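Now for the letters of each chain:
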Amino acid sequence: MKKYTQSHFPFSISHFPFIFFLLPLSFFLLSCMFYSMAGSIPPHIKSIAIPLVENQTAEFAMAETVTDNLLSIFTEENILRVTDEKIADSILKGIILKVNDGPYTFSKEEAVTIYRFTVDMKIEWLDVANDKVLLTKQYSGWGAYGLSGDISTDGIDNDGDGAIDGDDIDEIGDPREFATRVAVEKIAEDVLDDILTSW
């Protein structure tokens with residue numbers, strides 16, 4: 001059996017104190033990173049409820065689409081625990097004010113080449129314990145689509161991320177449905193950013 005001398009190991013025994021110093025330091029840095037994201041939120045607020053938003057437009061199922069995307073992003077980020085309205089420390093309420101689905105760019109022949117689907121809504125974030133509005137603001141999000149029927153080959157940056165067609169793995173599905181989802185996701189991300197930076 002081959003015997004290993006100290007020189008064969010990647011580190012010597014003398015390195016152990018340094019390693020034991022690095023481990024708690026790494027945990028500390030990770031905790032600081034989380035605190036930097038959630039530390040600006042009032043300390044008594046640990047959870048959030050997101051009830052079905054109000055829809056003041058004629059766009060079918062828009063309330064469910066917006067609410068589902070808000071829930072998805074807040075759950076994924078896990079900055080505040082998403083819970084039921086009856087026990088939540090805070091409540092995020094929304095009203096869809098306007099939906100616009102119209103021509104955005106035209107060809108030389110004045111034919112529509114790109115449509116832009118835009119959603120405007122008002123958001124209110126309420127501190128339940130203090131019955132205080134922490135944030136109230138109007139938001140707007142958009143997604144683009146063409147008439148080709150296939151957003152993976154339409155030559156359009158449908159979600160505004162700088163990638164097109166084959167270079168963007170997100171660009172799949174029905175053009176208008178995709179544009180709707182992108183518009184709502186942008187609003188949800190902006191709302192989360194404001195909650196993290198406004199306090």
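Residues numbered from 1 in each chain as written. Predicted model: local features only at pLDDT ≥ 70, side-chain atom pairs only at ≥ 80, totals over all residues. Heavy atoms only, no water.

S.K.: Explain the packing of aromatic side chains here, please?
M.R.: What characterises a pair of aromatic rings is the spacing of the ring centres plus the angle enclosed by the ring planes. This model, assessed by the stated rule, comprises 1 aromatic pair. Taken together, a centroid distance of 5.6 Å and an interplanar angle of 20 degrees make the contact between Tyr115 and Tyr145 stacked. Taken together, the positions of Tyr115 in strand 5 (residues 112–127) and Tyr145 in strand 6 (residues 132–145) put the pair 30 residues apart, joining distant regions of the chain. The ring of Tyr104 carries Arg116 above its face, with NZ or CZ at 3.9 Å from the centroid. Above the ring of Trp142, the side-chain terminus of Lys186 is found at 3.4 Å from the ring centroid. (Phe/Tyr/Trp six-rings, centres within 6.5 Å; stacked < 30°, edge-to-face > 60°. Helix = DSSP H or I, 4+ residues; strand = E, 2+ residues; numbered from the N terminus. Lys NZ or Arg CZ within 6 Å of the ring centre and 35° of its normal.)

S.K.: Is there a simple way to explain the packing of helix 2 (residues 62–77) against helix 3 (residues 175–197) in this structure?
M.R.: Helices that pack against each other are described as a pair by the angle of their axes relative to one another and the distance between those axes. The N-to-C vectors of helix 2 and helix 3 enclose an angle of 45 degrees; their axes lie 9 Å apart at closest approach. Judged by the inter-axis angle, helix 2 sits oblique to helix 3. Note on packing geometry: the crossing formed by helix 2 with helix 3 is right-handed. Where helix 2 abuts helix 3, its residues Met62, Thr65, Val66, Asn69, Leu70, Ile73, Phe74 and Glu77 lie against Thr180, Arg181, Val184, Glu185, Ala188, Glu189, Val191, Leu192 and Ile195. (Axes fitted to C-alpha atoms, helices over the stretch in contact; angles between N-to-C directions. Parallel < 35°, antiparallel > 145°, perpendicular 65-115°, else oblique. Left-handed = near helix turned anticlockwise from the far one by under 90°. Contact = heavy atoms within 4.5 Å.)

S.K.: What exactly am I supposed to notice about the side chain of Asp127 here?
M.R.: If you trace the backbone, Asp127 turns up in strand 5. Buried and unpaired, Asp127 has no salt bridge, with Lys132 as the nearest side chain of opposite charge at 6.5 Å. Here the side chain of Asp127 touches Asn130 through a polar contact of 2.9 Å, side chain to side chain. Non-local contacts of Asp127, meaning those with residues more than four positions away in its chain, are made with His44, Ile45, Asp89, Lys132 and Leu134. (Buried < 20%, exposed > 50% of the residue type's maximum accessible area, 1.4 Å probe, protein only. Lys, Arg positive; Asp, Glu negative; His and termini not counted. Salt bridge = Lys/Arg side-chain N within 4 Å of Asp/Glu carboxyl O. Polar contact = N/O pair within 3.5 Å; in protein donor to acceptor, adjacent residues only side chain to side chain.)

S.K.: Can you help me understand the pairing of strand 6 in this one?
M.R.: Within a regular strand, side chains alternate between the sheet's two faces. Direction of pairing for strand 5 relative to strand 6: antiparallel, over a ladder of 13 bridges. Counted as the bridge partner of Val119 is Gly141 from strand 6. Linkage of strand 5 to strand 6, two consecutive antiparallel strands, is achieved through a turn of 4 residues, within which Asp131 is found at a positive phi near 45 degrees. (Pairing = 2+ DSSP bridges.)

S.K.: Just checking my understanding: could you explain the pattern of salt bridges for this structure?
M.R.: For side chains bearing opposite charge, pairing can occur when the charged atoms are close. This model, assessed by the stated rule, comprises 3 salt bridges. In this structure, Asp194 and Lys137 form a salt bridge, with 2.9 Å as the shortest nitrogen-oxygen distance. Of this pair, Asp194 sits in helix 3 while Lys137 sits in strand 6, and the two are 57 residues apart along the sequence. By relative accessible area, Asp194 is classed as buried at 15%. By relative accessible area, Lys137 is classed as partly exposed at 37%. Here Arg181 and Glu185 are joined by a salt bridge, their closest N and O atoms 3.1 Å apart.

S.K.: Looking at this model, I keep getting lost on the confidence of the model for the protein. Mind explaining?
M.R.: For residues with low pLDDT, the predicted coordinates do not support detailed interpretation. Averaged over all residues, the pLDDT of the protein is 77; the fraction at 70 or higher stands at 66%. The model gives residues 18–23 a pLDDT under 50, and that stretch makes 1 contact with residues more than four places away or in other chains. (pLDDT = per-residue confidence, 0-100.)

S.K.: So what exactly am I meant to see when it comes to a negative patch on the surface here?
M.R.: A surface patch of like charges, here negative, comprises Glu76, Glu77, Glu189, Asp190 and Asp193. Elements with a contribution of two residues or more to the negative patch: helix 2 and helix 3. The element best represented in the negative patch is helix 3, accounting for 3 residues. Mapped onto the elements, Asp190 comes out in helix 3. (Patch = residues over 30% accessible without salt bridge, like charges linked within 9 Å, V, L, I, M, F, W, Y side chains within 5 Å. Areas by Shrake-Rupley, 256 points an atom, 1.4 Å probe, with all protein chains shown as cover. Charge placed at Lys NZ, Arg CZ, Asp CG, Glu CD.)

S.K.: What am I meant to see in the pairing of strand 4 (residues 90–106) here?
M.R.: Relative to strand 4, strand 1 (residues 47–49) runs parallel, the two sharing 2 bridges. Among the inter-strand pairings, Ala49 is bridged to a residue of strand 4, identified as Ile91. Alignment of strand 2 (residues 54–55) against strand 4, held across 2 bridges, turns out to be parallel. When the sheet's bridge partners are listed, Asn55 is paired in strand 4 with Ile96.

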